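Below are the chains, spelled out letter by letter.
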Amino acid sequence: MNVRELLGRDRFAKLLGIELLDVSEGTATSKMEIRDEHLNGVDIAQGGAIFTLADFTLAAAANSHGTIAVVINASINFIKAASQGILFAKAIELSRTSKIATYIVNITNTEGVLIAEYHGTAYRRGESF
């Protein structure tokens, strides 16, 4: 199994319409088109949907080395609201040891405007998939 097959099993990401565009060692890019069901009560993209896009993209980058990795800590800063269009998430590995890796994920809209910034730490279980 490779990282694309592993993440292809993510049923919640499928439900939200998240698509993995690119993955290579330590980096990944995903997208999600904002649909009506992503909107909250004030008609902007629900923070949880944006968080999931970032979390999924970090998972792709963290698992790109062929070792199972799971997020153990994450935070997000919402910079600008989005209510339509496509959101893109780009994960970049900042550091990696045998057990812990850290990442930053920038979420932008189609114009390249920063929507949110997500920081995450993954625990590398030491098991191959």
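Below you will find a few notes about this structure. Given the structure is predicted, the values throughout are model-derived calculations rather than measurements.

**Considerations on a nonpolar patch on the surface**
Phase 1 of the analysis: There is a patch of nonpolar side chains on the surface, built from Val70, Ile72, Ile100 and Tyr123 and spanning about 300 Å² of accessible area.
Phase 2 of the analysis: Checked against the element boundaries, isoleucine 72 lands in strand S3 (residues 67-78).

**A look at the pairing of strand S5 (residues 100-108)**
Phase 1 of the analysis: As defined by bridge partners, strand S4 (residues 86-96) adjoins S5 across eight bridges and the pair is classed as antiparallel. From the neighbouring strand, alanine 91 faces S5, where its bridge partner is valine 105.
Phase 2 of the analysis: Where S4 folds back on S5, the antiparallel hairpin that results is connected by three residues.
Phase 3 of the analysis: Pairing of S5 with strand S6 (residues 114-128), which is carried by nine bridges, proceeds in the antiparallel orientation. When the bridges of S6 are listed, alanine 101 appears paired with alanine 122.
Phase 4 of the analysis: Two successive antiparallel strands, S5 and S6, enclose a turn made up of five residues, where glycine 112 displays a positive phi of approximately 85 degrees.

**A look at the environment of glycine 66**
Phase 1 of the analysis: Along the chain, glycine 66 falls in the loop between helix H3 (47-63) and S3.
Phase 2 of the analysis: Look at glycine 66 and you get partly exposed, because its relative accessible area is 24%.
Phase 3 of the analysis: When the C-alpha atoms of glycine 66 and valine 3 are compared, they prove to be 7.0 Å apart, with 63 residues separating the residues in sequence.
Phase 4 of the analysis: Apart from the residues within four sequence positions on either side, glycine 66 is in contact with Glu127, Ser128 and Phe129.

**A word on the packing of aromatic side chains**
Phase 1 of the analysis: Evaluation of the coordinates by the stated rule reveals one aromatic pair.
Phase 2 of the analysis: Between the aromatic rings of phenylalanine 51 and tyrosine 118, the centroid separation amounts to 5.2 Å while the plane-to-plane angle is 65 degrees, which identifies the pairing as edge-to-face. Taken as a pair, phenylalanine 51 in helix H3 and tyrosine 118 in strand S6 lie far apart in primary sequence, 67 residues in all.
Phase 3 of the analysis: Assessed through its relative accessible area of 28%, phenylalanine 51 is described here as partly exposed.

Rules used in this analysis
Residues numbered from 1 in each chain as written. Predicted model: local features only at pLDDT ≥ 70, side-chain atom pairs only at ≥ 80, totals over all residues. Heavy atoms only, no water. Patch = residues over 30% accessible without salt bridge, like charges linked within 9 Å, V, L, I, M, F, W, Y side chains within 5 Å. Areas by Shrake-Rupley, 256 points an atom, 1.4 Å probe, with all protein chains shown as cover. Salt bridge = Lys/Arg side-chain N within 4 Å of Asp/Glu carboxyl O. Helix = DSSP H or I, 4+ residues; strand = E, 2+ residues; numbered from the N terminus. Pairing = 2+ DSSP bridges. Buried < 20%, exposed > 50% of the residue type's maximum accessible area, 1.4 Å probe, protein only. Contact = heavy atoms within 4.5 Å. Phe/Tyr/Trp six-rings, centres within 6.5 Å; stacked < 30°, edge-to-face > 60°.

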